[in-house]
Amino acid sequence: MMYDSNPTLNFRKTIDEDNQGNVIFYETEDSDKKKFYIESYGCQMNFSDSEIVASVLSEIDYIPTRNIEVADLILINTCSIREKAEDTVRKRLTAFNQVKKKKPETLIGVLGCMAERLKSKFLEEEKLVDLVIGPDAYRDIPSLVAGAEDGDKGINVFLSREETYADISPLRLDSNGVTAFISIMRGCDNMCSFCVVPFTRGRERSRDPYSILAEAEDLYNRGYREVTLLGQNVDSYKWENPSDENSEKVNFANLLEKVALIHPDLRVRFSTSHPKDITDDVLFVMANHENICNYIHLPVQSGNSRILELMNRTYDREWYINKVNRIYEIIPDCAISSDMIAGFCTETEEEHQDTLSVMEHAQYSMSYMFFYSERPGTLAAKKYEDDIPLETKKRRLNEIIRLQNHISLNHNKKDIGKTFQVLIEGNSKKSEDEWKGRNSQNKMIIFKKTGNFGVGSYVNVKVESATSATLMGHIVENQTMPA
Ligand code: SAH
Ligand code: SF4
Ligand code: F3S
């Protein structure tokens, strides 16, 4: 399949974020065409998918707007991972319905995982919704929108075994022009017992490497300096030409290396790694290429082997600890981050303590932390009782958060006095006189604008101080810059 670079639309870009940094808006100066407004929730895959949706909509001459009041089509790309995520979407739909009451011709569409989970129930429950479109049906948007414009409700929640949108060039609407996501696979075959993703995203499939490389090269040529390869489980990336048995077989280590070889100035990141699948080959490729960032998101979920088994994570505490040790052995300055779930079914206090102790051992630079939220239809919902009282779940979660803050602060304090290569991403949130950017370990560093550098430049920054979330430093100019 061919990969075409998208014609750039003429839009003035602004980014607004809610308090979770979750919402994206776009603005355009072109006023004649029909306009769509899109909000995205959930994981990076969903944000990446919204860029596919924007691209598909641009083909039928819809342009993006950040002003919901002028939108002809309001879209919400939804997440089902926890009950709270779905509650947020319901609240937003109530707000959209207010807009529709004032302007009844406005179309409202629900995309993504909640659309897939609830299917036609959505149209029954939320009467003002016109379109329900699952994650594998975005190519069908033009015909569904055309139908809705004629007054027909539209639904397509078909899950595909092949769809990777390989040939669709995402419209990078909320972009800083420097960092971008590239989706390399879709779906998940893992069946962790707590998780709704296999049901909302379907079977795992890998995108062909040629279109991935073409997309990364195109981004580099357009001035981007960092790409993040995305998948629910990137380490199980696997591709071979279906029509040629003798063709090259590409695994994740191979793909990572190919992307890294595009240009030494193009940084490469990836997410998410599953502890059972990340191989030594991947770690060696990371160690061998300066531009592959030394950062691995390696969610543990729980530090207790019995709970891990109930979670169907297919590794135990010892396996996980060995993986962490191996990472630090091969890439000593690698930062590791994690996800933790507090209060999974039947978890005892001692088992919760095992999660705290695995965190101490792994010395995570940061973590995403949740309490268990039962999801209808999952293995855990069918097999186990959600028996830990909410209060206990919240208390355990707080203990996890408190410990992580402590570990993050120590992790960051160790960086004081060190100099890191930082890619400038933009102004800091607080001041136009400061840049923000990340080092290889994915830590955000804030520093004063000195010298002649701009967004997309690499600079060497010496760290002066640290909080649990950020490093502060200054540019040191007498260091050698990357080639
Ligand atoms: N594919 C990734 C995770 C995707 S979901 C992986 O395997 O690690 C992101 C995170 O949400 C998970 O790592 C998990 O910590 C959390 N999560 C998933 N289902 C959950 C549930 N039912 N309740 C609470 N947290 C959940
Ligand atoms: Fe969910 Fe597990 Fe797949 Fe991650 S690996 S998306 S947690 S089923
Ligand atoms: Fe949520 Fe779907 Fe991602 S459930 S976390 S948006 S894959």
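Model, not experiment: these values are computed from the prediction.

**Re the site of ligand 1**
The immediate surroundings of ligand 1 are formed by 15 residues, with Phe 194, Gln 232, Gln 301, Asp 339 and Ser 373 found nearest. Between ligand 1 and the protein, one listed contact pairs a nitrogen atom with a backbone N or O atom of Phe 194 at 3.0 Å. Note that a nitrogen atom of ligand 1 is positioned 2.7 Å from one of the backbone N or O atoms of Ser 373. Its free accessible area being 540 Å², ligand 1 has 90% of it covered by the protein chains. Of the residues in the shell around ligand 1, the class split is seven nonpolar, four polar and four charged. Residues lining the shell around ligand 1 come from more than one domain, with at least three contributed by each of domain 2 (175-293) and domain 3 (306-414).

**Thoughts on the domain arrangement of the protein chain**
Taken as a whole, the protein chain is organised into domain 1 (11-156), domain 2 (175-293), domain 3 (306-414) and domain 4 (419-475). If you average the C-alpha positions of domain 2 and of domain 3, the two centres end up 25 Å apart. Listed as interface residues are 17 residues of domain 2 and, on the opposing side, 23 residues of domain 3. With both chains or domains summed, domain 2 and domain 3 bury close to 1,700 Å², and 68% of this area falls on carbon and sulfur atoms.

**Let's talk about the site of ligand 2**
Lining the immediate environment of ligand 2, one finds Cys 188, Asn 190, Met 191, Cys 192, Phe 194, Cys 195, Val 197, Pro 198, Gln 232, His 274 and Arg 313. Tallied by class, the residues present in the shell around ligand 2 amount to seven nonpolar, three polar and one charged.

**A few points about the packing of helix α7 (residues 209-221) against helix α8 (residues 252-260)**
Two elements in contact, α7 and α8, have axes separated by 10 Å at closest approach and are oriented at 30 degrees. By the angle between their axes, α7 is roughly parallel relative to α8. Viewed along their axes, α7 and α8 form a crossing whose handedness is right-handed. Taken together, the residues of α8 that come into contact with α7 (itself represented by Pro 209, Ile 212, Leu 213 and Ala 216) are Leu 255, Lys 258 and Val 259. Residues belonging to the contact of α7 with α8 are distributed by class as follows: six nonpolar, no polar and one charged.

**Some thoughts on the packing of aromatic side chains**
One pass over the full model with this rule turns up eight aromatic pairs. Ring centres of Tyr 210 and Trp 239 lie 5.6 Å apart, and the angle between their planes is 90 degrees; on these two criteria the pair is classed as edge-to-face. Taken as a pair, Tyr 210 in helix α7 and Trp 239 in strand β11 (residues 238-239) lie far apart in primary sequence, 29 residues in all. With a relative accessible area of 47%, Tyr 210 lands in the partly exposed category. Taking the relative accessible area as the measure of exposure, Trp 239 reaches 14% and is therefore buried. Residues Phe 344 and Tyr 372 carry aromatic rings whose centres are separated by 4.9 Å and whose planes lie at 75 degrees to one another, so their mutual orientation is edge-to-face. Of this pair, Phe 344 sits in the loop between β15 (335-342) and α12 (349-362) while Tyr 372 sits in the loop between β16 (366-371) and α13 (379-383); the two residues are 28 residues apart in sequence, bridging distant segments of the chain. Take Phe 344 and Tyr 372: they sit in the same class, and that class is buried. Here the aromatic residues Phe 194, Phe 344, Tyr 372 and Tyr 384 are joined through ring pairs into a cluster of three or more. The cationic tip of Arg 82 hangs over the ring face of Phe 370; the distance from NZ or CZ to the ring centre is 3.6 Å. The ring of Phe 122 is capped by Arg 90, whose NZ or CZ atom sits 5.3 Å from the centre of that ring.

The rules behind each value
- Residues numbered from 1 in each chain as written.
- Chains lettered and ligands numbered in written order.
- Predicted model: local features only at pLDDT ≥ 70, side-chain atom pairs only at ≥ 80, totals over all residues.
- Heavy atoms only, no water.
- Near = heavy atom within 4 Å.
- Polar contact = N/O pair within 3.5 Å; in protein donor to acceptor, adjacent residues only side chain to side chain.
- Areas by Shrake-Rupley, 256 points an atom, 1.4 Å probe, with all protein chains shown as cover.
- Nonpolar A, V, L, I, M, F, W, Y, C, P; charged D, E, K, R; others polar.
- Domains from an automatic or database assignment.
- Contact = heavy atoms within 4.5 Å.
- Buried area = accessible area lost by both parts, 1.4 Å probe.
- Axes fitted to C-alpha atoms, helices over the stretch in contact; angles between N-to-C directions.
- Helix = DSSP H or I, 4+ residues; strand = E, 2+ residues; numbered from the N terminus.
- Parallel < 35°, antiparallel > 145°, perpendicular 65-115°, else oblique.
- Left-handed = near helix turned anticlockwise from the far one by under 90°.
- Phe/Tyr/Trp six-rings, centres within 6.5 Å; stacked < 30°, edge-to-face > 60°.
- Buried < 20%, exposed > 50% of the residue type's maximum accessible area, 1.4 Å probe, protein only.
- Lys NZ or Arg CZ within 6 Å of the ring centre and 35° of its normal.

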